[in-house]
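Structure at a glance
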Amino acid sequence: MSIMNGKAHTFGDNLNTDYVISGKYKFKTLDMKELSKHVMEDIRPGFYDEIEEGDFVVAGENLGAGSSREQAPLVLKAAGIGAVVAKSFARIFYRNCINVGLPVVEVDTSQIEEGDVLEIDIAQGVVVNVTKNVTLQASPLPPVMMKILSDGGLAEHLKKHNGFALDEGD
Amino acid sequence: MSSVKTISEKIMSAHSGVEAQAGQIVEAEIDYVMANDVTAPLAFQEFEALECEPKRDKIVLIPDHFVPNKDVASAEQAAEMRRFVQKYSLPHYFEVGRGGVCHQVMVDEGFAAPGRLIVGADSHTCTYGGINAFSTGIGSTEAAAVFAEGRLWFKVPEAIDVRLSGRFRGLVSGKDLIIKIITDIGVDGANYKAFEFSGAGVANVPVSDRLTVSNMAIEAGGKAGIFPCDEHTVSYIQGRVRGEYTPVAPDPGAVYSRTLEYDLGDLDYMVALPHLPSNGKPAAEVDVVIDQAFLGSCTNGRIEDLRTAAQVMKGKKVHKDVRMVVVPASTQVYQQAMEEGLLAEFVRSGAFVSGPTCAACLGGHMGVLAKGERCVSSTNRNFIGRMGHKDSEVYLAGPAVVAASAVAGRIVAPEAIQ
């Protein structure tokens, strides 16, 4: 995975999947481009228009709490978000992100502000805040998840290995 | 390697064929995988790309979020589910009128049972821990993987020992207990972990209340919330459960990451204020005017919840400025409530009664809130915009408080209307 560059859009603690995409829209469940226009709309109206391709969602503790809706990471991807960065993640969202190929970075985000330009190396787990000239070391992704992410998500992993192949190469 | 295990470690061991310990990654055989009308279509799409035959007997499909179809888009989604069921001749599908809210149907129809490992593409799949299953929420892609493989990988969770003693006062219930727990430890207090309940107080928690407590384990980030299996569990599932099952108890000396202790007799009627389930306060201190009272959902739409509410409201009327919406969680609950005369009691009191569906719980239909409106609700989430407009408010409470508040027109404990 190459190094990603983009702007930070910052959010607080406990940003749940209802806020990423409200349950009210789940009846349009497969049209991610249409759904993505509603991303974060109850807590930050107009967010969709602020996003440039490759930008990052940066949050505090417990990012992705609540509903298991996989539409949450899919909508973020469809809206152009390149990776999600937070101090900690809720577990279902964390797994969903990996499974759909949206990189997750667990790192102390307290020094990242709205609009800061970040450079993220997923493989090395390094986040450089270019604006503030600070380098942050992320918690390493568990080997199982690194494997699924590098295969391009869970469906690709299953196709490639004809089933789960999580022990090999760890 | 330690031979002393928690319930979680034992169920993971039995399903993976290895001596599983907290922290370990295991690949485990799944007993059942469930998906509903909003999570299944995405799972179907992923599954079709895998080009294989599904594990038919393990798959349970239950439309509940936007059925009976609320509009054309939701109708298409529900139709997609039927097409998939027909294409692969899947045996476990519960049509509108024969099902209801997915988690209650999983219990009613006997898929949930002690010792089983169940996953579902809905975060409240943790509900079945109330009857000693290890059950947890997954995403749609993972559901597709289980359709194909019948297996899934897990990180075996550490467990939090929740020791219960005493018995509930009055109509205080499992909802009050779980709101108190979440308020004490926070919305990520159990992230990546499983609650395991123990102690002499467990016997005093009715099984329907255990399901309520386990249902909201996820609101503290929990991967599961598991009760032991006792004679109450066995009699609750009798006549419903499919196939054999194996109750699982923890070993003495099992290692827990943390211990919490609650005397059920010390608990108050609790209300979780907007906009987090951890904003719990005793009902008597809340006192806000409401526009709607909602009784239903996978959290508190069981027959026992309807009985409690009907008992509180007996001979009384819903306040003139309040709409009360009553939604039994499943067809079985609905029929039972009808036979017991509970639905007639709600209708007489001025409540609206609907057939089983998720309804307004997630802001879908049947009771969506306008700007500035407040709802006291027996559901599980009070996030911004959860039941409607972003400037509406949801107050989470148990069935007794919901019913009493519907009568009073403001949030009160049931004693306030006696």
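The paragraphs below set out a description of the structure included in this document. Every value quoted in this text rests on a predicted model; they were computed, and no experiment measured them. (Residues numbered from 1 in each chain as written. Chains lettered and ligands numbered in written order. Predicted model: local features only at pLDDT ≥ 70, side-chain atom pairs only at ≥ 80, totals over all residues. Heavy atoms only, no water.)

What to know about the nonpolar core
Here is the rule: To form a nonpolar core, buried Ala, Val, Leu, Ile, Met, Phe, Trp, Tyr and Cys residues must be joined to one another through side-chain atoms within 4.5 Å. For the exposure calls, accessible area comes from a 1.4 Å probe over protein chains only, and a residue counts as buried if that area is under 20% of its type's maximum, exposed if over 50%, partly exposed in between. Here, two residues are considered to be in contact whenever any of their heavy atoms come within 4.5 Å of each other.
Counting residues in hydrophobic clusters, the biggest one holds 99 residues, and the most contacted among them are Leu76 and Val84 of chain A together with Leu61 and Phe147 of chain B. Leave out the neighbours within four places in its chain, and Leu61 of chain B touches Ala35, Ala40, Phe44, Met81, Phe84, Val85, Leu90, His92, Tyr93, Phe94 and Phe147 of chain B. With 79 residues, the next largest nonpolar core counts Ile160, Ala283, Leu342 and Ala404 of chain B among its residues.

Some remarks on unusual backbone geometry
All names here are of chain B. Formally: Helix numbering and strand numbering both begin at the N terminus, where a helix is a DSSP run of H or I of at least 4 residues and a strand a DSSP run of E of at least 2.
Here Val67 and Pro68 are connected by a cis peptide whose omega angle stands at -10°. Along the chain, Pro68 falls in the loop between β3 (59-62) and α3 (72-87). Omega for the bond connecting Pro274 with His275 falls within 30 degrees of zero, at 0°, which places this linkage in the cis form. If you trace the backbone, His275 turns up in the loop between β12 (270-272) and β13 (280-282).

A look at the interface of chain B and chain A
Keep this limit in mind: Here the buried area means the combined drop in accessible surface, using a 1.4 Å probe, for two parts upon being joined, counting both sides. Salt bridges, as used here, are contacts in which a Lys or Arg side-chain nitrogen is within 4 Å of a carboxyl oxygen on Asp or Glu. Polar contact criterion, stated in full: a pair of N or O atoms within 3.5 Å, where within protein one must be able to donate a hydrogen and the other to accept it, and residues adjacent in sequence count only if both atoms are side-chain atoms. Residues were grouped as follows: Ala, Val, Leu, Ile, Met, Phe, Trp, Tyr, Cys and Pro as nonpolar; Asp, Glu, Lys and Arg as charged; and all remaining residues, including Gly, as polar.
Taken together, the contact pairs 52 residues of chain B with 44 residues of chain A. For the pair chain B and chain A, the summed buried area comes to about 3,900 Å², and 59% of that belongs to carbon and sulfur atoms. Considering only the surface of chain B that becomes buried against chain A, Leu42, Trp153 and Tyr192 of chain B emerge as the three largest contributors, covering 16% of it. At the surface where chain B touches chain A, the tally comes to two salt bridges. The salt bridge partner of Arg386 of chain B is Asp18 of chain A, with a shortest N-O separation of 2.9 Å. Summed over the shared surface of chain B and chain A, the result is 16 residue pairs in polar contact (both at pLDDT 80 or more). Among the elements of the structure, β1 (25-29), α2 (40-50), α3, β6 (134-137), α5 (140-149) and β7 (151-155) of chain B are those that each provide at least two residues to the side of chain B that touches chain A. Considering only residue class, the side of chain B that touches chain A consists of 21 nonpolar, 16 polar and 15 charged.

A word on the packing of α2 of chain B against α3 of chain B
Residue and element names in this part refer to chain B. Stated formally: Lines are fitted to the C-alpha atoms to define the axes, a helix being fitted only along its stretch in contact, and any angle between axes, read from their N-to-C directions, falls within 0 to 180 degrees. Any angle from 65 to 115 degrees is called roughly perpendicular, while one under 35 is roughly parallel, one over 145 is roughly antiparallel, and all others are oblique. By convention the crossing between two helices is left-handed if the near helix lies anticlockwise of the far one by an angle smaller than a right angle, and right-handed if it lies clockwise.
The N-to-C vectors of α2 and α3 enclose an angle of 45°; their axes lie 9 Å apart at closest approach. Our classification of the angle between α2 and α3 gives oblique. Taken as a pair, α2 and α3 cross one another with a handedness that is left-handed. The residues of α3 that touch α2, namely those facing Ala40, Pro41, Phe44, Phe47 and Glu48, are Gln77, Glu80, Met81, Phe84 and Lys87. For the contact of α2 with α3, the per-class residue count stands at six nonpolar, one polar and three charged.

With respect to the packing of aromatic side chains
Spelled out, the test is: Working definition: rings of Phe, Tyr and Trp (its six-membered ring) pair if their centres are within 6.5 Å, and the pair is stacked with planes under 30 degrees apart, edge-to-face with planes over 60 apart, and tilted otherwise. Look at NZ for Lys and CZ for Arg. If either is within 6 Å of the ring centre and within 35 degrees of the ring normal, a charge sits over the ring.
Within this structure, the stated rule accounts for 15 aromatic pairs over all chains. Summarising the aromatic geometry, the rings of Phe89 of chain A and Phe93 of chain A are spaced 6.5 Å apart at their centres and angled 15° between planes, so their arrangement reads as stacked. Take Phe89 of chain A: its relative accessible area is 0%, and that puts it in the buried class. When the centroid spacing of 5.9 Å and the interplanar angle of 80° are considered together, the rings of Phe94 of chain B and Phe111 of chain B count as edge-to-face. Of the two residues, Phe94 of chain B sits in the loop between β4 (92-93) and α4 (102-108) while Phe111 of chain B sits in the loop between α4 and β5 (117-121), which places them 17 residues apart along the sequence. Judged by its relative accessible area of 9%, Phe94 of chain B is buried. Under the relative-accessibility criterion, Phe111 of chain B is labelled buried at 0%. Members of the aromatic cluster, joined through ring pairs, are Phe44, Phe47, Phe84, Tyr88 and Phe147 of chain B. For the cation-ring pair, Arg95 of chain A lies above Trp153 of chain B, with the distance from its terminal atom to the ring centre recorded as 3.9 Å. The ring of Phe154 of chain B is capped by Arg95 of chain A, whose NZ or CZ atom sits 5.9 Å from the centre of that ring.

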